[in-house]
Amino acid sequence: MTRQRHLILEQASKWFMRLKDAAPDHVDRSKFEAWLMESEAHRQAYQTIAETWGDFDSSAQIRHISQAMSMRKLDEDIRKRQKKATFAKLGAIAIIGLASLFGFNQWQQWRAQPLETIAQTSTPGHMVSRYLPDGSKLTLDAHSDTKVLYYRDKRYVQLLHGQAVFEVLKDADRPFIVESDHARITVKGTRFVVNMINHKTVVAVDHGKVLVETLQAGQTNSVLLTDGQVAEVKAQASPVKVQKPAKDYFSFLQGKMIFDGAPLNEVTETLSRYREPPLVNHSHAHAEISAVVDVKTLNKFIKTLPAVAPVKLQESDTETAVLDR
């Protein structure tokens, strides 16, 4: 077998392995057809690979090949022709094996490459809303950061900082997955919010179903959320449903923040999304705060913190510090 024919058979094998089970509208089929039409050698090589695969996939044909190789009483010319044909097919089978391994690795690499990558951020005090390539909608709370990657088999969002609302269109072939520092949220189609706050992740579902899992090693429990349900995932812990109204977590879309027995760290971190310089908690106070805060009157509310918790405020150019009183 010449080197040129060997190379053409290898190319034919790769095309065969890639497209033998592919859909008629596979994205690579037009490229394959163009390759096939380049020369008669390409067409013959592909036909040889296809026929050999049929032999390789048939136990009867394998036995036939084995018997043909062991028959010694046949005419010398017939035996030579059979041996030549047999070795050619065995050579093609070997090429298929090698190309299958190479092709599988190539296929894995090809599958792992994102089709589209989007980095979306928002600045303090400003929300951002946009539609994603599949028609789903992403709304970032102020001072938040996401990375969106679209693959052939999934839609993936990494919430790097802050909070986001997702309105996901259904796609049975590509689940929508959101990951934070603590949790993985998987969904087919729904509207939900993910909030990274105070060393935990909060997931609240407006409608639909989402599966919430922890990313921590050794923790395997998951929680399925439906309409109006909320779950929290803390570091080194499994997801836990909490009895809080999911609608409260969407209130920032109307310019409001609702705190229901929230610890001081959570309050200051949330308020800091809407102001510069940030509000930073240096206090050890264990106050729990319940309030509805309008973004428009944010600074007015901050000034009332010493009245509802044993703290004091200290202003500087870089931050508004919350200190023990």
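All figures in this text were calculated on a predicted structure; none of them were measured in a lab.

Caption draft 1: Examining the sheet that holds strand S19 (residues 320-324) more closely. The strand order across the open sheet formed by 3 strands is S16-S19-S18, and the pairing between neighbours is mixed. Lying at the two open borders of the sheet, with one neighbouring strand each, are strand S16 (279-281) and strand S18 (311-315). Across the sheet, the mean angle separating the axes of adjacent strands is 30° when strand polarity is ignored. Of the strand pairs in this sheet, S18 and S19 are connected by 5 bridges, and their pairing is antiparallel. Paired with Leu313 across the strands is Val322, a residue of S19. The sheet contacts of helix H6 (residues 264-271) involve S16, S18 and S19, and relative to S16 the element is tilted by about 160°.

Caption draft 2: Fine view of the sheet that holds strand S6 (residues 163-167). Within the open sheet, the 7 strands sit side by side as S2-S3-S6-S9-S10-S13-S14. Their pairing is antiparallel. The sheet is open, and its two borders are formed by strand S2 (128-131) and strand S14 (240-242), each paired with just one other strand. Shown here is a sheet whose adjacent strand axes are inclined to one another by a mean of 20°, direction ignored. Here S6 runs beside strand S9 (residues 191-197); their pairing, made up of 5 bridges, is antiparallel.

Caption draft 3: Here's a closer look at the side chain of Arg174. You can see Arg174 is positioned in the loop between S6 and strand S7 (176-179). By relative accessible area, Arg174 is classed as buried at 17%. A polar contact of 3.0 Å, which involves the side chain of Arg174, links it to the backbone oxygen of Tyr151. When near neighbours in sequence (up to four residues on either side) are disregarded, Arg174 contacts Leu115, Asp134, Tyr150, Tyr151, Arg152, Asp153, Lys154 and Arg155.

Basis of the calculations
- Residues numbered from 1 in each chain as written.
- Predicted model: local features only at pLDDT ≥ 70, side-chain atom pairs only at ≥ 80, totals over all residues.
- Heavy atoms only, no water.
- Pairing = 2+ DSSP bridges.
- Helix = DSSP H or I, 4+ residues; strand = E, 2+ residues; numbered from the N terminus.
- Axes fitted to C-alpha atoms, helices over the stretch in contact; angles between N-to-C directions.
- Contact = heavy atoms within 4.5 Å.
- Buried < 20%, exposed > 50% of the residue type's maximum accessible area, 1.4 Å probe, protein only.
- Polar contact = N/O pair within 3.5 Å; in protein donor to acceptor, adjacent residues only side chain to side chain.

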